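# Analysis of the macromolecular model
Now for the letters of each chain:
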Amino acid sequence: MYAIIGAGPMGLCTARQLKKHGIDFIGFELHSDVGGLWDIDNPHSSMYHSAHLISAKGTTEFREFPMRAEVAPYPHHSEMRRYFRDYARQFRLYEHYQFDTRVLQVQREQDGWKLISERNGEQREWRFDGVLIANGTLHTPNLPRLPGDFSGELLHSNAYKSADIFAGKRVLVVGCGNSACDIAVDAVHRAASVDLSVRRGYHFLPKFILGKPTDTFGGAIKLPRRLKQLVDGLLVRALVGKPSQYGLPDPDYHLYESHPVMNSLVLHHIGHGDIHPRGDITAVRGQSVTFANGEQAEYDLILMATGYKIDYPFIARDELNWPQGAGAPQLYLNVFHPEHDDLFMLGMVEASGLGWQGRDEQAELVALYIRQSRAGSPAAQALRQTIRAQASQRLDGGYRYLQLERMAYYVHKDSYRRRIAEHSAALRRELANDGALAAQGA
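Model, not experiment: these values are computed from the prediction. (Residues numbered from 1 in each chain as written. Predicted model: local features only at pLDDT ≥ 70, side-chain atom pairs only at ≥ 80, totals over all residues. Heavy atoms only, no water.)

## Digging into the pattern of salt bridges
In this structure the tally under the stated criterion is 27 salt bridges. Ionic pairing is found between Glu-79 and Arg-68, a salt bridge with its closest N-O pair at 2.5 Å. Within this pair, whereas Glu-79 is found in helix 3 (residues 77-90), its partner Arg-68 is found in the loop between helix 2 (57-60) and helix 3, the two being separated by 11 residues in sequence. For Glu-79, a relative accessible area of 27% gives the class partly exposed. In this structure, the salt-bridge partner of Arg-428 is Glu-364, at a minimum N-O distance of 2.9 Å. (Salt bridge = Lys/Arg side-chain N within 4 Å of Asp/Glu carboxyl O. Helix = DSSP H or I, 4+ residues; strand = E, 2+ residues; numbered from the N terminus. Buried < 20%, exposed > 50% of the residue type's maximum accessible area, 1.4 Å probe, protein only.)

Pasting the structure below:
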């Protein structure tokens, strides 16, 4: 029996794959329903009312469970919640979950794992052969200290739900990722003023090119990495210009070496004077903020859209092969522990265009590995040797990703999915051969 922690998209497809391969499991979910952060009613969700998927539905959906035809190319979060609930019903996953249940501790024992859960104030101990962690990476806010004391309102984007909080206020949004830009655009329609504090350069992509979602545009011809960066970079430059033309810093890295900003409106509002770009913050005193260029301004509210830290509070850090100073656990394919074959990290992976299908392929590989390991198959043993030898290697496809904590588990989509497919194919072949031999013996 295995434990799955989390009933968000990653937890659900993990449950689907274990069930499909006949592996017994129990799922644990803190909220009362599935969907994870895509359920805005989940008190632990970082979702906000205006949020939409930033990748197109066709490149994001599960292949075996397409989104409805009437759903927009970039679905609203409410559509995503509906999608994951429909998915859980379609594959009868609800019956496998303990809802409204917090996992307090996961502890290794001599044989298997002890899991302590809590529901309605009552604790319960469980024993499992293995644990699959799939509780997501966007739930513990990264909240850097401001250089001084701010006397106005201060909150992290994790707590943001509605633009109503901006009504009539002078607002400073700190950060320039996808959420930061979404929220700054929201604030334009309610705030007295909106400034955007940007420390480093970003690549900005429109959501549509020639009427098609950007991440579905091109791709028919696979270009070498450097040529793709050059061609796509020139296309983006032609469509939106340089960030410095809008008063933003230009990135000092090439396209795809960090996650780009998918937003068609933030540059529009900057160009119309609705959002005022600012540099890094150097000092805060009362309601006054000083920026790197010496400019000062006063604000009523500072919203820190400064991202998240990966955090697994229910398990000891050393169980995850997570050295001090490393941005993320050192796992093969961001999944497999180099020393233990009964602990798996699901969903601790980011890649432009990976989508839920890429994560489902990750979950299928784990299910195949568990099944074949139980059978003592040579393919599973060969994969175990690869895991031990290559746990610290990252499939970056030759891209020089920024050395940032948020990029520590970023991979190159095509390289990652290709490696997953190779391992899965080897395990499936052996499974098919075993089935054929069993049929002959019968």
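Anyway, onward from the coordinates.
## Here we look at the domain arrangement of the chain
Domain parsing of the chain yields domain 1 (2-139 + 309-441) and domain 2 (143-306). The C-alpha-based centres of domain 1 and domain 2 are spaced at 30 Å. In this complex, domain 1 contributes 27 residues to the contact, which on the side of domain 2 involves 27 residues. With both chains or domains summed, domain 1 and domain 2 bury close to 2,400 Å², and 52% of this area falls on carbon and sulfur atoms. (Domains from an automatic or database assignment. Contact = heavy atoms within 4.5 Å. Buried area = accessible area lost by both parts, 1.4 Å probe.)

## Let's talk about the layout of surface pockets
Roughly 380 Å³ of internal volume is contained in the second largest pocket. Lining of the second largest pocket is provided by 20 residues; of these, His-203, Gly-233, Arg-237, Pro-251 and Leu-255 occupy positions nearest its centre. Looking at the lining of the second largest pocket element by element, the count peaks at 7 residues for helix 5 (residues 225-240). Looking at the lining of the second largest pocket, its residues break down into 12 nonpolar, 5 polar and 3 charged. (1 Å grid on protein atoms, 1.4 Å probe; cavity = no way out; pocket = protein on both sides within 12 Å on 5 of 7 lines; lining within 4 Å. Points joined across faces, edges and corners; volume = space filled by probe spheres on them. Nonpolar A, V, L, I, M, F, W, Y, C, P; charged D, E, K, R; others polar.)

## Observations concerning the sheet that holds strand 3 (residues 97-98)
Strand order across the open sheet formed by 5 strands is 3-2-1-7-23, with parallel pairing between neighbours. With one partner strand each, in any of the chains shown, strand 3 and strand 23 (343-345) form the two edges of the open sheet. Two elements, strand 1 (residues 2-5) and strand 2 (residues 25-28), share 4 bridges in a ladder whose sense is parallel. By the bridge assignment, Tyr-2 is partnered in strand 2 with Phe-25. Sheet strands touched by helix 7 (residues 355-374): strand 1, strand 7 (130-133) and strand 23. Its angle to strand 23, the strand with the most contacts, is close to 170 degrees. (Pairing = 2+ DSSP bridges. Axes fitted to C-alpha atoms, helices over the stretch in contact; angles between N-to-C directions.)

## Some details on the sheet that holds strand 9 (residues 148-150)
Across the sheet, 4 strands lie side by side as 9-18-19-20; this open sheet has mixed pairing. Whereas interior strands pair on both sides, the edge strands pair on one side only; in this sheet they are strand 9 and strand 20 (296-298). In this sheet, adjacent strand axes meet at a mean angle of 30 degrees when their direction is disregarded. Pairing of strand 18 (residues 281-286) with strand 19 (residues 288-291) involves 4 bridges; the strand directions are antiparallel. Its bridge partner lying in strand 19, Ile-281 is registered against Phe-291.

## Regarding the environment of Tyr-48
Topologically, Tyr-48 is positioned in the loop between strand 2 and helix 2. Separated by 146 residues in sequence, Tyr-48 and Val-194 place their C-alpha atoms 18 Å apart. With sequence-adjacent residues up to four places away left out, Tyr-48 is seen in contact with Ile-40, His-77, Tyr-160, Lys-161, Asn-178, Ser-179, Asp-182 and Asp-186.

## Brief notes about helix 5
The end-to-end C-alpha distance of helix 5, which contains 16 residues, comes to 22 Å, matching closely the 22 Å that a straight helix rising 1.5 Å per residue would cover. Its buried side turned inward, helix 5 meets strand 13 (204-205) and helix 6 (266-271). Directly beyond the C-terminal end of helix 5, a positive phi value near 85 degrees is found at Gly-241. (Expected span 1.5 Å × (residues − 1).)

## Quick notes on the confidence of the model for the chain
Residues shown with low pLDDT carry predicted positions that ought not to be read at fine detail. For the chain, mean pLDDT is 94; residues scoring 70 or higher make up 97% of the total. Contacts of residues 436-442 to residues separated by more than four positions or lying in other chains number 0 contacts, the stretch itself having pLDDT below 50. (pLDDT = per-residue confidence, 0-100.)

## Side note on the side chain of Thr-214
Topologically, Thr-214 is positioned in the loop between strand 15 (212-213) and helix 5. Within the structure, Thr-214 has its side chain in polar contact with the backbone nitrogen of Phe-208 (distance 3.4 Å). Non-local contacts of Thr-214, meaning those with residues more than four positions away in its chain, are made with Tyr-74, Pro-206, Lys-207, Phe-208, Ile-209 and Met-262. (Polar contact = N/O pair within 3.5 Å; in protein donor to acceptor, adjacent residues only side chain to side chain.)

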